[in-house]
Amino acid sequence: MKSFTYERARSPLEAAAAASRTQGAKFIAGGTNLLDLMKLEIEQPTHLIDVNGLALDKIEPTSDGGLRIGALVRNTDLAADMRVRRDYGVLSRALLAGASGQLRNAATTAGNLLQRTRCPYFYDTNQPCNKREPGSGCSAIGGFSRQHAVIGTSDACIATHPSDMAVAMRALDATVETVGSSGSTRRIPIADFHRLPGNTPHVETTLQPGELITAVTLPRPVGGMHSYHKVRDRASYAFALVSVAAIVQKDGSGRIALGGVAHKPWRLEAADAALPQGVKAVAARLFDGARTTHDNEFKLPLAERTLAAALTQAKG
Amino acid sequence: MNKHTREPSTQNRGNTIAISRRELLAVSAASATAAALPHAVVAQPSASGASTPGSAIPTAKVSLQVNGAGHALELDTRTTLLDALREHLRLTGPKKGCDHGQCGACTVIVDGRRINSCLSLAVMNEGRNVTTIEGLGKPGSLHPMQAAFVKHDGYQCGYCTPGQICSAVAMLGEIQAGIPSHASADLAVPPRLTAVEFRERMSGNICRCGAYSNIVDAIVEVSGAKA
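Since the model is a prediction, treat every value here as computed from it, not as a measurement.

Engineer: I tried to follow the overall build of chain A on my own but got confused; where do I start?
Structural biologist: For chain A, the helix and strand inventory stands at 13 helices and 11 strands. For chain A, whose C-alpha radius of gyration is 19 Å, the value lies close to the compact-globule estimate of 20 Å for 316 residues. Taking the principal axes of the C-alpha coordinates as reference, chain A spans close to 55 × 50 × 35 Å. Burial analysis of chain A (316 residues in total) assigns 59% to the buried set. Counting only contacts in chain A whose residues sit at least 6 apart along the sequence, the fraction spanning at least 24 positions is 62%. Accessible surface for chain A amounts to roughly 12,400 Å². Of this, 51% is attributable to carbon and sulfur atoms. In chain A, 37 positive and 29 negative side-chain charges are present, and the distance between their average locations comes to 3 Å.

Here is the structure:
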């Protein structure tokens, strides 16, 4: 690990200001992904701003009947919150399907959104990777690509976003709240928060330098049957090959978001609109323009069948 | 590799005369490191505990309560909680397995919650209460979970065992606190004490010897569940 200086921030604004004026600075909260990457020297911050003391660890009702989740709410606490379990079950289910008990106790809401990919070539510093070293090439294209994305990819990167939580938040139309170094605040719809790789796969979100996530808000509950189906190589503690977050109403309408298939949580409102026409119609829209490799072409039928399982469960 | 500025810890060892082989090796290593790292490289921390930019190896101050005893340390900022416990406080119960949060051998309990101590910086744990396997029980006064692991043969090589036991103790606390899991069928009701729940909740602790069924038996006994 490269050496770094360290400070404990006392307010969100102070943290954002420190991050924007200090070259090479990064925020640290749970640290479960950042420290992993720092040990491998994939991340090399020269200064860490510890935001754990910022008191952003509350889950509170919003004035419009939704929930405001502080950036530092731990994954365990978010999954266990009775309001989330009752009104946003897809979110509890997604969180509980991810990581391990130890990691969920440390990992935060904001940190979960900012996770880096688990592409093995991103992790292997001996291999080219456009995400780790822009312009060096993509080893996954033409390499071992079983885990990789099948939709929304580019010639520069076929990595997936590893989060389960973010997939549920996409289905719930969450909003990411931030504060910038000047004190200005922003509300970013989660649909616009994560980016597709394009020619700049190293730029993963629409956050500005120094911008700090303060909360994620959920709109008022939409009801319906909530489920999160995750297919993985082990029964527990593994990243998704394919996951399906589903919210299905009694009349058959609903929302579908997928994990494990793209560089961001994958939801298309046009696919949601096809729900009354059945699984095939939804899958056809979700994967219109898909580009698979020999290794990961199985994800298309797997996603369709997982979606079928989710819709069958929703019918009861 | 990390280069820590090591100093033999005296906090826990004032009344110990016998020096084990492990301690002798550790002290020797500390002397060698100290010789290679002159005092001048240790930066003076500011009053806030923050490290000083511009110094050769940034350090920071941190206070930890470990197994009931207070420790004030000044550490290379890179020092993980695991390394602080093992290398500075000489608590070698928490094990370094993968050092990347994948195996659970480093599991300790911080403020009542189990975490991977390899994925937390020591300085991030200012003022926190840390319990390691050494703090749960000792020979002659074992924690019920330790006794159950012995009774049910919940290990072979034993390397993952301290992490397994710390994890299991905190895991039962999580069920008691009503925290659901992926194995909980109904999110609206409190989770149940079942072997299926225990298996899912213990998935962050890997045992390469494959003692899982005996580990579950030990946990079932302590929990009072009907397997």
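We are not done yet, so read on.
Engineer: Looking at this structure, how should I read the overall build of chain B?
Structural biologist: Broken down by element type, chain B carries seven helices and five strands. In chain B, the order of α-helices and β-strands from amino to carboxyl end is α-β-β-α-β-β-β-α-α-α-α-α. Counting over 227 residues, chain B shows a buried share of 52%. A separation of at least 24 residues holds for 55% of the contacts in chain B among residues at least 6 apart in sequence. A total of about 10,500 Å² of accessible surface is found on chain B, and carbon and sulfur atoms cover 55% of it.

Engineer: Honestly, unusual backbone geometry in this entry has me stumped. Any pointers?
Structural biologist: In terms of backbone geometry, most residues other than glycine have negative phi values and most peptide bonds are trans. Phi at A55(A) takes a positive value of approximately 60°, unusual for a residue other than glycine. Inspection of the secondary structure assignment puts A55(A) in the loop between strand 3 (47-50) and strand 4 (59-61). In this structure, D153(B) takes a positive phi of about 60° despite not being glycine. Along the chain, D153(B) falls in the loop between helix 4 (144-152) and helix 5 (161-176).

Engineer: Would you take a moment to explain the environment of A110(A) for this structure?
Structural biologist: Residues and elements named next belong to chain A. Looking at the secondary structure, you find A110 in helix 7 (residues 109-113). The class for A110 is buried, based on a relative accessible area of 10%. Separated by 130 residues in the primary sequence, A110 and A240 have C-alpha atoms spaced 20 Å apart.

Engineer: Is there a simple way to explain the side chain of T161(B) in this structure?
Structural biologist: Residue and element names in this part refer to chain B. If you trace the backbone, T161 turns up in helix 5. Of the residues examined, T161 reaches a relative accessible area of 10% and is grouped as buried. Every residue in contact with T161, bar those within four places of it in the chain, is listed here: F149 and Y155.

Engineer: I'm lost on the interface of chain B and chain A in this one. Help?
Structural biologist: Taken together, the contacts link 49 residues of chain B with 42 residues of chain A. Summed over both partners, the interface of chain B with chain A buries about 3,600 Å², with 52% contributed by carbon and sulfur atoms. For the chain B face of the interface with chain A, the top three residues by lost area are L119(B), M124(B) and L187(B), together amounting to 19%. Counting across the interface, chain B meets chain A through three salt bridges. Measuring nitrogen to oxygen at the nearest pair gives 3.8 Å for the salt bridge that ties E126(B) to R8(A). Our count for the chain B to chain A interface comes out at 22 residue pairs in polar contact (both at pLDDT 80 or more). The set of elements that each furnish at least two residues to the side of chain B that touches chain A consists of strand 1 (59-66), strand 4 (113-116) and helix 5 of chain B. Broken down by element, the residue count for the side of chain B that touches chain A peaks at four residues, all from strand 4 of chain B. Among the residues forming the side of chain B that touches chain A, the class breakdown is 18 nonpolar, 22 polar and nine charged.

Engineer: Teacher, can you tell me more about the environment of I165(B) here?
Structural biologist: All names here are of chain B. As for its placement among the helices and strands, I165 is situated in helix 5. Separated by 29 residues in sequence, I165 and L136 place their C-alpha atoms 9.1 Å apart. If we skip the residues at most four places from it in the chain, I165 touches I133, L136, M145, Q146 and F149.

Engineer: How should I be thinking about the domain arrangement of chain B in this particular structure?
Structural biologist: Think of interface size as the accessible area that goes away when the parts come together; that is how it is often given. All names here are of chain B. When cut into domains, chain B gives domain 1 (58-135) and domain 2 (137-227). With 18 residues of domain 1 in contact, the opposing surface of domain 2 contributes 18 residues. Around 1,400 Å² of area is buried between domain 1 and domain 2 when both sides are counted, 53% of it from carbon and sulfur atoms. If you look at where domain 1 meets domain 2, you find one salt bridge. Residues E174 and R114 are paired through a salt bridge, measuring 2.8 Å at the closest nitrogen-oxygen approach. The tally of links between domain 1 and domain 2 comes to eight residue pairs in polar contact (both at pLDDT 80 or more). Considered class by class, the residues forming the side of domain 1 that touches domain 2 number five nonpolar, nine polar and four charged.

Engineer: What's the story with the pattern of salt bridges in this structure? I'm lost.
Structural biologist: Oppositely charged side chains can form a pair if their charged atoms are brought close together. With the rule as written, the count across this model stands at 32 salt bridges over all chains. The partner of R146(A) in a salt bridge is D233(A), and the shortest N-O contact between them spans 2.9 Å. Of this pair, R146(A) sits in the loop between helix 8 (120-123) and helix 9 (165-171) while D233(A) sits in the loop between strand 9 (225-231) and strand 10 (242-248), and the two are 87 residues apart along the sequence. Here D233(A) falls in the exposed class, since its relative accessible area comes to 53%. As a salt-bridge pair, R201(B) and E197(B) come within 2.8 Å of each other at their nearest N and O atoms. Remark: E197(B) and R201(B) occur in helix 6 (residues 195-201); sequence separation between them is four residues, near one turn of the helix. Each member of the pair R201(B) and E197(B) is classed as buried. What you see here is one network of salt bridges that share partners, running through R170(A), D173(A), R255(A), R267(A), E269(A) and D272(A).

About the cut-offs
- Sequence order as written defines residue numbering, which begins from 1 separately in each chain.
- Here every chain gets a letter starting at A, and every ligand a number starting at 1, in the order they are written.
- Totals for whole chains, interfaces and linings use every residue, but because this is a predicted model, local features are given only for residues with pLDDT of at least 70 and side-chain atom pairs only at 80 or more, for both listing and counting.
- Computation of side-chain values covers all heavy atoms of the structure but excludes hydrogens and water.
- Put simply, DSSP H or I for four residues or longer makes a helix, DSSP E for two residues or longer makes a strand, and each gets a number counted from the N terminus.
- The globule rule used here is 2.2 Å times the number of residues to the 0.38 power, and the radius of gyration it is set against is calculated over C-alpha atoms.
- Between buried and exposed lies partly exposed: a residue is buried under 20% and exposed over 50% of the maximum accessible area for its type, with that area taken using a 1.4 Å probe on protein chains only.
- Should any heavy atoms of two residues lie within 4.5 Å, those residues are counted as being in contact.
- Method for areas: the Shrake-Rupley scheme with a 1.4 Å probe, in which residue coverage is limited to the protein chains shown.
- By the counting rule applied here, Lys and Arg register as positive and Asp and Glu as negative, while His and the ends of each chain are not counted.
- We put the charge of a Lys on NZ, of an Arg on CZ, of an Asp on CG and of a Glu on CD.
- Buried area adds together the accessible area that both of two parts lose upon being put together, with accessible area traced by a 1.4 Å probe.
- A pair is scored as a salt bridge if a Lys or Arg side-chain nitrogen falls within 4 Å of a carboxyl oxygen belonging to Asp or Glu.
- Any pair of N or O atoms that falls within 3.5 Å is considered a polar contact. Within protein, one atom must be able to donate a hydrogen and the other to accept it, and sequence-neighbouring residues count only if both atoms are side-chain atoms.
- Throughout, the ten residues Ala, Val, Leu, Ile, Met, Phe, Trp, Tyr, Cys and Pro are labelled nonpolar, Asp, Glu, Lys and Arg are labelled charged, and all others, Gly among them, are labelled polar.
- All domain edges in this entry derive from an automatic or database-based domain assignment.

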